[in-house]
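Descriptive analysis of the structure
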Amino acid sequence: MSYGATATPSTVEHESFGNTKMTIATFGNLTDTGMVWTSNIPSVVGYWFQTTDATGTQANEGVDVSLIAASTGQFRFTYGETNKQGKLYVLSLT
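Thresholds applied
- Residues numbered from 1 in each chain as written.
- Predicted model: local features only at pLDDT ≥ 70, side-chain atom pairs only at ≥ 80, totals over all residues.
- Heavy atoms only, no water.
- Helix = DSSP H or I, 4+ residues; strand = E, 2+ residues; numbered from the N terminus.
- Buried < 20%, exposed > 50% of the residue type's maximum accessible area, 1.4 Å probe, protein only.
- Contact = heavy atoms within 4.5 Å.
- Phe/Tyr/Trp six-rings, centres within 6.5 Å; stacked < 30°, edge-to-face > 60°.
- Pairing = 2+ DSSP bridges.
- Axes fitted to C-alpha atoms, helices over the stretch in contact; angles between N-to-C directions.

Here the focus is the environment of phenylalanine 75. One can find phenylalanine 75 in strand β6 (residues 74-79). We classify phenylalanine 75 as buried; its relative accessible area is 0%. For phenylalanine 75 and tyrosine 47, which are 28 residues apart along the polypeptide, the C-alpha to C-alpha distance reads 9.8 Å. Non-local contacts of phenylalanine 75, meaning those with residues more than four positions away in its chain, are made with Met35, Val36, Trp37, Ser39, Val44, Tyr47, Val65, Ser66, Leu67, Ile68, Leu88 and Val90.

So, on to unusual backbone geometry. Positive phi is not limited to glycine here, since asparagine 40 has a value of about 60°. Mapped onto the elements of the fold, asparagine 40 is located in the loop between β3 (35-38) and β4 (44-51). For serine 43, which is not glycine, the phi dihedral falls at a positive 55°. One can find serine 43 in the loop between β3 and β4.

The description of an aromatic ring pair rests on the distance of the ring centres and on the angle between the ring planes. All chains considered together, the criterion is met by six aromatic pairs. Between phenylalanine 27 and tryptophan 37, the ring centres sit 5.5 Å apart and the planes meet at 75°, which makes this aromatic pair edge-to-face. In this pair, phenylalanine 27 sits in strand β2 (residues 20-30) while tryptophan 37 sits in strand β3, placing the two residues 10 residues apart along the sequence. A relative accessible area of 2% means that phenylalanine 27 is categorised as buried. Taking the relative accessible area as the measure of exposure, tryptophan 37 reaches 9% and is therefore buried. Through a chain of ring-to-ring contacts, the aromatic side chains of Phe27, Trp37, Tyr47, Phe49, Phe75 and Phe77 assemble into a single cluster.

Read across the sheet, four strands follow the order β1-β2-β7-β4 without closing on themselves; strand pairing throughout is antiparallel. Where the open sheet ends on each side, the last strands, each with one partner, are β1 (11-17) and β4. Direction aside, neighbouring strands of the sheet carry axes that sit 15° apart on average. Relative to strand β7 (residues 84-93), β2 is paired through nine bridges, and the arrangement is antiparallel. Paired with alanine 25 across the strands is leucine 88, a residue of β7.

See below:
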């Protein structure tokens, strides 16, 4: 199922903590709300997004991230302003 334009991270890093893996995906320019990233990360147990851009108004600064397809690790980004930047942190079981 297609939800929106494709979001492509500029970098993806991986860290391991025993049987847990953390994936850190950096997004430099989320241009349209509803963009989707298919990470192919299985067994997601938690995730959060931290914005890194300094622009925006207090009412619209945040980015909401939803895991919309657990089988493919597909995430949707929703926000009130264009050109958002930040890092998505994903915890998964290895």
